[in-house]
Amino acid sequence: MDQSNKKDTTQSSAEITKTLAAHTAELKKKTELVNHRLDELRAETDKFLHPEKGPLKNK
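Residues numbered from 1 in each chain as written. Predicted model: local features only at pLDDT ≥ 70, side-chain atom pairs only at ≥ 80, totals over all residues. Heavy atoms only, no water.

Visitor: Would you mind going over the overall build of the chain with me for this structure?
Guide: Secondary structure assignment for the chain yields two helices and zero strands. Element-wise, carbon and sulfur atoms account for 60% of the exposed surface of the chain, whose accessible area totals about 5900 Å². (Helix = DSSP H or I, 4+ residues; strand = E, 2+ residues; numbered from the N terminus. Areas by Shrake-Rupley, 256 points an atom, 1.4 Å probe, with all protein chains shown as cover.)

Visitor: Whenever I open this one, the pattern of salt bridges confuses me. Can you help?
Guide: It is possible for side chains bearing opposite charge to pair when their charged atoms get close. As enumerated under the stated definition, the model contains four salt bridges in all. Measuring nitrogen to oxygen at the nearest pair gives 3.1 Å for the salt bridge that ties glutamate 26 to lysine 30. Residue glutamate 26 and its partner lysine 30 are located together in helix H1 (residues 2-49), separated by four residues, close to a single helical turn. Glutamate 26 gets classed as partly exposed once you look at its relative accessible area, which sits at 40%. Residue lysine 30 is classed as partly exposed on the basis of its relative accessible area, which comes to 46%. One network of salt bridges, in which partners are shared, links Arg37, Glu40 and Glu44. (Salt bridge = Lys/Arg side-chain N within 4 Å of Asp/Glu carboxyl O. Buried < 20%, exposed > 50% of the residue type's maximum accessible area, 1.4 Å probe, protein only.)

What follows is the structure, encoded as structure tokens:
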């Protein structure tokens, strides 16, 4: 009976680890997307607040 419980626990641990790894990968991907969008918004804000720094003004 101990052997059966140990096997179930090991299997459950493996499943939990696999699920956590999948969720972690998904969160990492979403975080990268959010950070990319944040960079875009920062650039847009900077252009709005400081139009004199735009590339058209330097030419």
